[in-house]
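Single-letter residue listing:
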Amino acid sequence: MALVRTRIEPAPSGSIHVGNARTALYSWLYARRHDGSFVLRIADTDATRVTDENYRAVIEDLRWLGLDWDEGPETGGDFGPYRQSERGERYRASSLTLVEGGHAYPCYCMPEEVADRRKSVGRKTPGYDGFCRDLDAGQRAEIEAQGRRGAVRFKVPHNRTVVFEDVVRGRIATNTAQIPDFVIQRSDGSPTYMLAVTCDDAYMNITHIIRGEDLMPATPRQLLLREALGVMDVPVFAHLPLLVTETGKPLSKRWGDVAVAEYRRSGFLPEAMVNYLALLGWSYDDHTNLFSVKELIEKFSLERVGRNPAAFDITKLEWINGHYIRALGPEELATRLVPFCVEAGLAADSASGRVLMVRVAPLLAERLKRLTEAPPMVAFLFGRRPPDAQAAAAMAGADELLGAARDALADTAQWTAQVIEHTLRALAQERELAPRKAFQPIRAAVTGTLVSPPLFESLAILGRDETLTRLAGVR
């Protein structure tokens, strides 16, 4: 069996869309499952869309997800991705080969000219009308003498049916009457996506092309191009279902957060994101939702990818994220939380701050769905803060209770969560107060909020002196 080779080909237009990330993941998993190679190519032939910042964003997203690639130009001892902008000579040579072989031709038509001709004859069929397809050398020379530079169009053969077997969709047949002649090289000499992707897939020996179903119309064109270039072997195609919102609408930028970087900034773990993305269109059985990367590699198959659109369910993603947060040890969870706390203005990256984060991490693990939820919960450990509106309401009329709590805690022999709990519960019982009535004012006075880790453990971490000071009302 030939070595499995898959690829992902994102455009450097910023952070990767979650749909492209899902495609990259499936391609990566399939290659890893079959001990093959995963190739990263950057589709940067359109110079108007390329910036260094956008290029770095693509690389950063893939590395954050853990999707490493296997080859490419050496850059400082590491593999950089292939960049189509650096492979222009290959594409121009292929374009020339197609023209010389009679499979492509120069086209001088402007878009508005094509539109005008279509309108004048009442033609409603979209696409190119073949105006330049059969120009002879003299006619071309006359047009070029006017200063026009021609693009290159592929000459789609007439009366053909292009057939391929898709792993997800089954047999797909397309009559060439549905495919107008298409541009493969722009008038400035740069290749279009269709030429670049076809050449790269062919010359890099890509065996499996895994991509979204929105690109399925491109497949017959690619197959015709491969044939015209003399590449007769056909890769395996798998066109994945589209991602949609929970209401069934296509997942687009208008929906909201669709970029991987947004989920990263929103406090999702990469292992949770990978687990969830794998479930968007694929399933191992009808009940298993949690998979480590190792398990995904062992169990993933294209045959279990469904045809129906996959709904992006943020609630399920948060549930999976919570599972992975709880699986982290205190040290590791603290490490993941520190950047978010620093972003919120907390000195969690200092030596003392790091100690506090490790101590509080176990108290947070059961409460967090996202890492971004932690900073407001732990802010009280990094300084006294004025109470928010809810905390202020809870403290109203509670001065005497807070004073009694301070006196009781001041007399404790030890400062542990167990002793603090025993002391405050005894105070609540003595005053015939329900725990909530007794403890909420104390929480509000000490933390400035009603949303914090468990009270007794929080006070133990904060320390005796600081707790007593805050209960005394010194702010």
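Presented here is an overview of the structure given in this document. These numbers were taken from a predicted model, which means no experiment stands behind them.

Side note on the overall build of the protein
Check the secondary structure of the protein and you find 20 helices and 14 strands. A compact globule built from 475 residues would reach a C-alpha radius of gyration of about 23 Å, whereas the protein, at 31 Å, exceeds it by more than 25%. Each of the three principal axes of the protein carries a C-alpha extent, and together these read 105 × 50 × 45 Å. Sequence-distant contacts in the protein: of pairs separated by 6 or more residues, those separated by 24 or more amount to 75%. Counting only carbon and sulfur atoms, one obtains 51% of the accessible surface of the protein, whose full area is about 22900 Å². For the protein, the centre of its 59 positive side-chain charges and the centre of its 62 negative side-chain charges are spaced 3 Å apart.

Comments concerning the sheet that holds strand E5 (residues 82-83)
Strand order in the open sheet made by the three strands is E1-E2-E5, with parallel pairing throughout. With partners counted over all chains shown, the strands left at the sheet margins are strand E1 (5-8) and E5, one partner each. Pairing analysis gives two bridges linking strand E2 (residues 37-42) to E5, with the strands arranged parallel. In the sheet register, Arg-41 faces E5, and the bridge partner there is Tyr-82.

Focus: the environment of Thr-161
Position of Thr-161 relative to the elements: it lies in strand E8 (residues 161-166). A residue is classified by how much of its surface remains accessible, and Thr-161, at 46% relative accessible area, is partly exposed. For Thr-161, the contacting residues outside a window of four places in its chain are Ala-173, Thr-174 and Asn-175.

Here we look at the pairing of strand E9 (residues 170-175)
The side chains of a regular strand alternate between the sheet's two faces. Here six bridges tie E8 to E9, and the two strands are oriented antiparallel to one another. Bridge pairing in E9 places Val-162 opposite Thr-174. Following E8, the chain reverses through three residues before pairing antiparallel with E9.

Some details on the side chain of Arg-5
Mapped onto the elements, Arg-5 comes out in strand E1. A polar side-chain atom of Arg-5 sits 2.7 Å from the main-chain carbonyl oxygen of Met-204. Discounting residues that sit within four places of it in the chain, Arg-5 has contacts with Ser-37, Val-39, Glu-71, Met-204, Asn-205, Ile-206, Thr-207 and His-208.

Focus: the packing of helix H18 (residues 435-447) against helix H20 (residues 464-471)
Running from amino to carboxyl end, H18 crosses H20 at an angle of 105 degrees, the nearest separation of the two axes being 8 Å. When the axis of H18 is compared with that of H20, the two are roughly perpendicular. Contacts from Ile-442, Ala-445 and Val-446 of H18 reach H20 at Thr-467, Arg-470 and Leu-471. Partitioning the contact of H18 with H20 into residue classes produces four nonpolar, one polar and one charged.

What to know about the environment of Arg-186
Residue placement: Arg-186 occurs in the loop between strand E10 (182-185) and helix H6 (193-203). Distance from Arg-186 to Gly-403, taken between C-alpha atoms, is 79 Å for residues 217 residues apart in sequence. Among residues more than four places away in sequence, those in contact with Arg-186 are Thr-45, Gly-150, Ala-151, Pro-191 and Thr-192.

Quick look at the packing of aromatic side chains
Applying the stated criterion to the full structure yields 10 aromatic pairs. Ring plane angle 45 degrees and centroid distance 5.6 Å describe the contact between Tyr-263 and Phe-312, whose orientation is recorded as tilted. One end of the pair, Tyr-263, is in helix H8 (residues 260-265); the other, Phe-312, is in the loop between strand E14 (310-311) and helix H11 (314-327), with 49 residues separating them in the sequence. Each of the two residues, Tyr-263 as well as Phe-312, counts as buried. Their ring planes at 85 degrees and their centres at 5.4 Å tell us that Phe-439 and Phe-456 sit as a pair that is edge-to-face. Of this pair, Phe-439 sits in helix H18 while Phe-456 sits in helix H19 (residues 455-462); the two residues are 17 residues apart in sequence, bridging distant segments of the chain. Cluster of aromatic residues (ring-pair linked, three or more members): Tyr-26, Trp-282, Tyr-284, Phe-291 and Phe-300. Over the aromatic face of Phe-131 sits the side chain of Arg-117, whose NZ or CZ is 4.1 Å from the ring centroid.

Overview of the pattern of salt bridges
Enumeration according to the criterion identifies 27 salt bridges in this entry. Note that Arg-87 is salt-bridged to Asp-200, the shortest N-O span being 3.0 Å. With Arg-87 in the loop between E5 and helix H3 (88-100) and Asp-200 in helix H6, the pair connects residues that are 113 residues apart, well separated along the chain. Here the two residues Arg-87 and Asp-200 agree in accessibility, since each one is buried. A salt bridge links Glu-271 to Arg-336; the shortest N-O distance between them is 3.0 Å. Taken together, the residues Glu-271 in helix H9 (residues 270-278) and Arg-336 in helix H12 (residues 330-343) connect sequence positions 65 residues apart.

Observations regarding H19
With respect to burial, H19 is a largely interior element, seven of its eight residues being buried. Regarding H19, the residues found buried are Leu-455, Phe-456, Ser-458, Leu-459, Ala-460, Ile-461 and Leu-462. Two residues or fewer after H19 comes Gly-463, characterised by a positive phi angle close to 105 degrees.

Considering the environment of Pro-270
Tracing the chain through its elements places Pro-270 in helix H9. Between the C-alpha atoms of Pro-270 and Asn-321, which are 51 residues apart in sequence, the distance is 8.9 Å. In contact with Pro-270, other than residues within four places in its own chain, are Trp-64, Leu-65 and Arg-336.

Describing the sheet that holds strand E7 (residues 151-154)
Spatial strand order, E6-E7-E10: three strands in an open sheet with antiparallel pairing. At either margin of the open sheet sits one strand with a lone partner, and together these are strand E6 (104-107) and E10. Direction aside, the axes of adjacent strands within the sheet are offset by 45 degrees on average. Relative to E7, E6 is paired through four bridges, and the arrangement is antiparallel. Each residue of the ladder has a partner; that of Ala-104, found in E7, is Phe-154.

Cut-offs applied
Residues numbered from 1 in each chain as written. Predicted model: local features only at pLDDT ≥ 70, side-chain atom pairs only at ≥ 80, totals over all residues. Heavy atoms only, no water. Helix = DSSP H or I, 4+ residues; strand = E, 2+ residues; numbered from the N terminus. Rg over C-alpha atoms; globule rule 2.2 N^0.38 Å. Contact = heavy atoms within 4.5 Å. Areas by Shrake-Rupley, 256 points an atom, 1.4 Å probe, with all protein chains shown as cover. Lys, Arg positive; Asp, Glu negative; His and termini not counted. Charge placed at Lys NZ, Arg CZ, Asp CG, Glu CD. Pairing = 2+ DSSP bridges. Buried < 20%, exposed > 50% of the residue type's maximum accessible area, 1.4 Å probe, protein only. Polar contact = N/O pair within 3.5 Å; in protein donor to acceptor, adjacent residues only side chain to side chain. Axes fitted to C-alpha atoms, helices over the stretch in contact; angles between N-to-C directions. Parallel < 35°, antiparallel > 145°, perpendicular 65-115°, else oblique. Nonpolar A, V, L, I, M, F, W, Y, C, P; charged D, E, K, R; others polar. Phe/Tyr/Trp six-rings, centres within 6.5 Å; stacked < 30°, edge-to-face > 60°. Lys NZ or Arg CZ within 6 Å of the ring centre and 35° of its normal. Salt bridge = Lys/Arg side-chain N within 4 Å of Asp/Glu carboxyl O.

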